[in-house]
Amino acid sequence: MEQAGARRTEGKPLIATRLRPLRDNRAMSLAIDADGTRTDDRPLNWINRYAALGPAFRTALPPEPLPAPYWVGQSCRTGALLGLAQDWGDSDELLQAFSGNRLLPGSAPIATVYSGHQFGVWAGQLGDGRALLLGETESGLEVQLKGAGRTPYSRMGDGRAVLRSSIREFLCSEAMHGLGIPTTRALCVTGSDAPVRREEIETAAVVTRVAPSFIRFGHFEHFAANNQTEELKQLADFVIDRYYPTCRGTEKFGGNAHAALLEAVSERTAALLAQWQAVGFCHGVMNTDNMSILGLTLDYGPFQFLDGYDPGHICNHSDTQGRYAYARQPNVAYWNLFCLGQALLPLIGDQDVALEALESYRTSYTTELEACLRAKLGLQGQLAGDRELVQDTLRLLATEKTDHTIFWRRLSHYAADAQAAPLRDLFIDRAACDTWLRRYDARLAQENAGVAAAAMLRVNPKFVLRNHLGELAIRRAREKDFSGVSVLLKLLETPYDEHPDHEAEAGLPPDWASSIEISCSS
Ligand code: AMP
Ligand code: MG
């Protein structure tokens, strides 16, 4: 299985693909003669450090070709991050490469192995069943294809992803980044008319994802469950050295770097969850194999941004018990961190130390959430009664399931112009709204309202990827009209801007939105 690239690169050199690395300004133009002889540097210098961990961690294999691919969506921002030339979106060579039909020179694709807990139950070995890591580039970013065909970890799956879920992952990755929430990024989606069977026949697509690392809690659980302590240590040390170097040499935990790692991951996860809750993001499948060791939002499936504020909202149609309901997410993250702690225990060596490291989640989450919600309300200084005001605001929203995004955006405008009507219009019980507003007015009077309003407009987005917006773009994309995807991408990249020509995308969801059912099927 160690013949990466042999199948696809044969006789098909990539030409005229210019890329440059992130961290220095050396020109990295790829110069390949027409006969395929390379005369200059590679387009991306691949360093593939994860693959170098060894065969216990991955299987090398090329992607499965995707017939007659076409571009569905492209993110210029992610392209720039990778150092791709501005016109990369016109390159047929890259279209083929990001569809899995050719390999970029030097990339050595692998599928990695991991295990995990799904819906609270140990699921055993999972792994990249349809994702292929093309490699890590010199910029320190890994590039991964999702939907690139079967791997040894595909189990019963076909290794493919469908157009609708790929568009949702592409848009939401960039939307989260636009919101300022840690996430894996997306470079592009390519589509094909190749049929894929789900509940009905759909068509295939591939998302190209980019992140410093796609390592999950489940990677650690895998080696712990198999008593592969050597590999477990190798992985933990790899993660510490690359992403958490300050865990070494810390005096905390008696110099136990693995305990420091658990604490650092707990803190990052806490910060992530606070931001999810504040923006109203429901992940939908918070299994341990979908939890990033870097605290990034990872694996976009049946996610949803809340329309009405409903703490019990379940966005995943397959989640019949509501394990991953919106208000349960912070506790689930804590549970998942316990699984990680359990996996790291052979390295940490002391259960009490592991528990102490995990404890940081609780304190960090409370602090981070409070900071997020205070910012949403425009509260800069700390005054007695603030905590109650925050809680009562959420209670008010929950009473009528008031639209989450619109409420906060209108409140931001209210802080600036004191026009209550747009806000009051969101409530049937106007008296309840007025009572709350009087209290808010009194508190806002303790702040510089102009400064508060400006700050609120930078944390309360006008645009989020509501299900119905994604659905409309997907319907058009099925007809080969990809303009809906690119328009949404533009709005979601800068969700705090007004975009006055796009009031419809910032409006209340239509009635049919509540009938959209998004399940694990993707
Ligand atoms: P997910 O629910 O997307 O997080 O996936 C859980 C596991 O199932 C992972 O190991 C995936 O790689 C695998 N998987 C999901 N869909 C497919 C598919 N269509 N083909 C192969 N493996 C899949
Ligand atoms: Mg997953």
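Structural data are supplied above this passage.
Draft legend 1. Quick look at helix 13 (residues 430–444). Compared with the 21 Å implied by 1.5 Å per residue over 15 residues, the 20 Å span of helix 13 between its first and last C-alpha is a close match. When helix 13 is considered as a whole, its buried residues turn out to be Cys433, Trp436, Leu437, Tyr440, Arg443 and Leu444. The arc enclosing the buried residues of helix 13, seen along the axis, measures out at 115 degrees, which places them on a common side. Looking at helix 13, the residues exposed on the side facing more than 90 degrees away from the buried face are Ala431 and Arg438. Looking at the buried positions of helix 13, the neighbouring elements they touch are helix 9 (351–377), helix 10 (386–400), helix 11 (404–417), helix 12 (421–424) and helix 14 (449–457).

Draft legend 2. Focus on the coordination of the magnesium ion (ligand 2). Looking at the magnesium ion (ligand 2), the protein donor atoms are Asn290 (OD1) and Asp299 (OD), and they sit 2.0 to 2.2 Å from it. Grouping residues by exposure puts Asn290 and Asp299 together as buried.

Draft legend 3. Representation of the pattern of salt bridges within the structure. Under the definition given, this model contains 33 salt bridges. As a salt-bridge pair, Arg49 and Glu136 come within 2.7 Å of each other at their nearest N and O atoms. Of this pair, Arg49 sits in the loop between helix 1 (6–9) and strand 1 (58–60) while Glu136 sits in strand 6 (residues 131–136), placing them 87 residues apart in sequence. For Arg248, the salt bridge identified is with Asp237, shortest N-O distance 3.5 Å. Here Arg248, found in the loop between helix 6 (229–243) and helix 7 (257–279), pairs with Asp237, found in helix 6; they are eleven residues apart in sequence, far enough to count as distant. A single network of salt bridges, built from pairs that share partners, joins Lys146, Glu169, Arg209, Arg216 and Asp299.

Draft legend 4. Region of interest: the packing of helix 7 against helix 8 (residues 329–348). Running from amino to carboxyl end, helix 7 crosses helix 8 at an angle of 170 degrees, the nearest separation of the two axes being 10 Å. As the angle between them shows, helix 7 and helix 8 are arranged roughly antiparallel. In this structure, helix 7 contributes His258, Ala259, Leu262, Val265, Ser266, Thr269, Leu273, Trp276 and Gln277 to the contact, and helix 8 contributes Gln329, Pro330, Ala333, Leu337, Leu340, Gly341, Leu344, Leu347 and Ile348. Residues that form the contact of helix 7 with helix 8 fall into these classes: twelve nonpolar, six polar and no charged.

Draft legend 5. Up close: the site of ligand 1. Taken together, 17 residues lie around ligand 1, and Gly127, Gly129, Arg155, Asp158 and Gly159 are the ones closest in. The separation between an oxygen atom of ligand 1 and a polar side-chain atom of Arg155 is 2.8 Å. Interatomic distance of 3.0 Å between a side-chain N/O atom of Asp158 and a nitrogen atom of ligand 1. Classifying every residue of the shell around ligand 1 gives two nonpolar, seven polar and eight charged.

Parameters at a glance
In this convention, every chain numbers its residues from 1, walking through the sequence in written order. Whichever chain is written first is A, and whichever ligand is written first is 1; the rest continue in order. The model is predicted, so local features are restricted to residues of pLDDT at least 70 and side-chain atom pairs to those at 80 or more, both for listing and for counting; the totals for chains, interfaces and linings are taken over all residues. Hydrogens and water molecules were not included; the side-chain quantities draw on all heavy atoms of the structure. Helix numbers and strand numbers start at the N terminus; a helix is a DSSP run of H or I with at least 4 residues, a strand a run of E with at least 2. The span expected for a helix works out to 1.5 Å for each residue beyond the first. Using a 1.4 Å probe on the protein chains alone, a residue whose accessible area is under 20% of its type maximum counts as buried, one over 50% counts as exposed, and one in between counts as partly exposed. When we speak of the arc, we mean the arc of directions from the helix axis to the C-beta atoms. Residue contacts follow a heavy-atom distance rule, with two residues in contact if any of their heavy atoms lie within 4.5 Å. Only nitrogen, oxygen and sulfur atoms qualify as donors, and only when within 2.8 Å of the metal (3.2 Å in the case of Na, K and Ca); with water excluded, sites may look incomplete. The working definition used for a salt bridge is a side-chain nitrogen of Lys or Arg within 4 Å of a carboxyl oxygen of Asp or Glu. Comment: axis = line fitted to C-alpha atoms, over the contacting stretch for helices; angle = value between 0 and 180 degrees taken between N-to-C directions. The cut-offs work like this: below 35 degrees is roughly parallel, past 145 is roughly antiparallel, 65 to 115 is roughly perpendicular, and the gaps in between are oblique. Ten residue types, Ala, Val, Leu, Ile, Met, Phe, Trp, Tyr, Cys and Pro, are classed as nonpolar, four, Asp, Glu, Lys and Arg, as charged, and the remainder, Gly among them, as polar. Definition of nearness: a residue and a molecule or strand are near each other if at least one heavy atom of the residue lies within 4 Å of the molecule or strand. Nitrogen and oxygen atoms within 3.5 Å of one another constitute a polar contact, given that in protein one can donate a hydrogen and the other can accept it, and given that sequence-neighbouring residues count only through two side-chain atoms.

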